[in-house]
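# Reading the structure
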Amino acid sequence: MSDTQSKLQRLEDAGVLEQRQFTAEELTLVATITDDEIDVLVRLRQKLGATADGKNHIRPNFVV
Amino acid sequence: MRCPSPGDLKLDHAPELTTISGSPSHAAMGSPPLGSALWMKIVLAQGLLNTAAQQFWTHPDLPSVFSPFLLELYSMVSCSVPLMRSAYDRAEELAAADPLAAVTATYLERHIEEESHHDEWLLDDLVASGMDRATVLQRVPSAAVARLVGAQYCWIRHAHPAALFGYLAVIEGNPPLAEHLNEIQMQTGYPPETFRCLRLHAADDIEHLNELRSTIVGLPLSDTYAALIATSAFATLQGLISIFDDLMAK
């Protein structure tokens, strides 16, 4: 498995992204992420636990 | 499990980038443009924030957590313009010799204008929800808000004011939607006047987001500053999740 595929798979396995929702060009850009950055996102995703499927229109509603 | 849907966040083609040092751009060397790669990292953070939002907004006792949410939101919004002014001032100091700072200053000057007085509008909305104006004004920001905003002051002063792009991109990355606000209003029983500021952002922030995205994609970044903005975005994500966590723990 290439480094790119390994990073994307790790993100997908953790539930940080679904590769099918991104274009090949976008995945190439995502794969520039560093291992340390992946660690941060994976930890945060794990912290969120098993979030049930929700509604697509639900938003954080934080504003500047 | 909810994952990011790039949807309307698709990348525009990035302009040719040059590094601060004037060395050949990443695009010219065949590497992905730093600004575009940075934006995709931000998209991942935005997706996780949406996941956190699912937990909060489907809370079984939403009316009891909504009022504290509004107070936390007010703290954040009232901190926003002073925070952006601080970044703008620092960017202006650096701008003559730093193209990244110059772009940062230009963006912030306009955005400060756009976001000015939103704290006053939100305060009016909180009063409309039944809160006492003086009590809201006297409330100090929570530790979670201080961590969120304070990190930005650190990076603005001790790293680079462009760090603030990570903060803005995560917060503005998922603008409120009218449909969701209608649901919250029904579930909480608060009057429509409570939601005026949020509804305004629902209407406005798509434009802000598009402008922010094109600005970030076109930033004259070095590897170091691209990493800084990504760190800022991830810290902002972490900070907002903490705010949700604290609210749900009450």
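Predicted, not measured: the structure shown is a model, and the values here were computed from it. (Residues numbered from 1 in each chain as written. Chains lettered and ligands numbered in written order. Predicted model: local features only at pLDDT ≥ 70, side-chain atom pairs only at ≥ 80, totals over all residues.)

### Things to note about the overall build of chain B
Secondary structure summary: chain B contains 10 helices and 0 strands in total. Listed N to C, the secondary structure of chain B is α-α-α-α-α-α-α-α-α-α in terms of helices and strands. Summarising the internal contacts of chain B: among those between residues at least 6 apart in sequence, 81% fall at separations of at least 24. (Helix = DSSP H or I, 4+ residues; strand = E, 2+ residues; numbered from the N terminus. Contact = placed C-beta atoms within 7 Å.)

### Quick notes on the nonpolar core
Grouped together as the largest cluster of nonpolar side chains are 91 residues, with contacts concentrated most on Leu38, Ile229 and Leu237 of chain B. Counting residues per element, this core draws most heavily on helix H1 (residues 34–57) of chain B, at 15 residues. Those residues in contact with Leu237 of chain B that sit more than four places away from it in its chain are Leu44 of chain A together with Ala45, Leu48, Leu49 and Val170 of chain B. (Core = buried A, V, L, I, M, F, W, Y, C linked by C-beta atoms within 7 Å. Buried ≥ 20, exposed ≤ 12 C-beta atoms within 10 Å, placed from the backbone.)

### Description of the environment of Leu48 of chain A
One can find Leu48 of chain A in helix H3 (residues 35–48). A count of 19 C-beta atoms within 10 Å places Leu48 of chain A in the partly exposed class. Put simply, Leu48 of chain A and Gln19 of chain A are 29 residues apart on the chain and 20 Å apart in space, counted from C-alpha to C-alpha. Setting aside residues no more than four positions away along its own chain, Leu48 of chain A makes contact with Leu48, Thr51, Ala52 and Gln55 of chain B.

### Observations regarding the interface of chain B and chain A
Contact with chain B, which involves 46 residues of that partner, is made by 30 residues of chain A. If you list the elements that add at least two residues to the side of chain B that touches chain A, you get H1, helix H2 (62–94), helix H7 (164–171), helix H8 (178–188), helix H9 (196–217) and helix H10 (223–249) of chain B. Take the side of chain B that touches chain A: its biggest share by element is 15 residues, from H1 of chain B. When the residues that make up the side of chain B that touches chain A are grouped by side-chain class, the tally is 28 nonpolar, 13 polar and 5 charged. (Nonpolar A, V, L, I, M, F, W, Y, C, P; charged D, E, K, R; others polar.)

### Overview of H3 of chain A
Here H3 of chain A spans 20 Å end to end across 14 residues, near enough to the 20 Å set by a 1.5 Å rise per residue. Those residues of H3 of chain A hidden inside the fold are in contact with helix H1 (3–14) of chain A together with H1 and H10 of chain B. Looking one or two residues beyond H3 of chain A, the residue adopting positive phi is Gly49 of chain A, at roughly 70°. (Expected span 1.5 Å × (residues − 1).)

### Re the environment of Thr188 of chain B
All names here are of chain B. Position of Thr188 relative to the elements: it lies in helix H8. Taking C-alpha positions, Thr188 is 9.2 Å from Ser67, a pair spaced 121 residues apart along the chain. Not counting the four nearest positions on each side in its chain, Thr188 is found in contact with Leu62, Pro63 and Phe66.

### Brief notes about the packing of H2 of chain B against H8 of chain B
Residues and elements named next belong to chain B. Viewed as axis vectors pointing N to C, H2 and H8 meet at an angle of 115°, and their least axial separation amounts to 9 Å. In this structure, the crossing between H2 and H8 has a hand that is left-handed. Residues Leu62, Pro63 and Phe66 of H2 lie in contact with H8, whose contacting residues are Ile184, Gln187 and Thr188. Split by residue class, the contact of H2 with H8 holds 4 nonpolar, 2 polar and no charged. (Axes fitted to C-alpha atoms, helices over the stretch in contact; angles between N-to-C directions. Left-handed = near helix turned anticlockwise from the far one by under 90°.)

### As for the confidence of the model for chain B
Residues and elements named next belong to chain B. When pLDDT is averaged across chain B, the result is 89; 88% of the residues are at 70 or more. No element of chain B has a lower mean pLDDT than H9, at 90, and none a higher one than helix H6 (residues 143–158), at 98. This stretch, residues 1–25, has a pLDDT under 50; its non-local contacts, to residues over four places away or in other chains, come to 58 contacts. On the interface metric, ipTM, the complex scores 0.94, and its pTM is 0.89. (pLDDT = per-residue confidence, 0-100.)

### So, helix H4 (residues 118–128) of chain B
Residues and elements named next belong to chain B. Turning to H4, its buried residues are Leu122, Asp125 and Leu126. Down the axis of H4, the smallest arc covering the buried residues is 100°, so these residues share one side. On its buried side, H4 packs onto H2, helix H5 (133–138) and H9. Of the residues trailing H4, Gly130 is marked for its positive phi of about 110°. (Arc of directions from axis to C-beta.)

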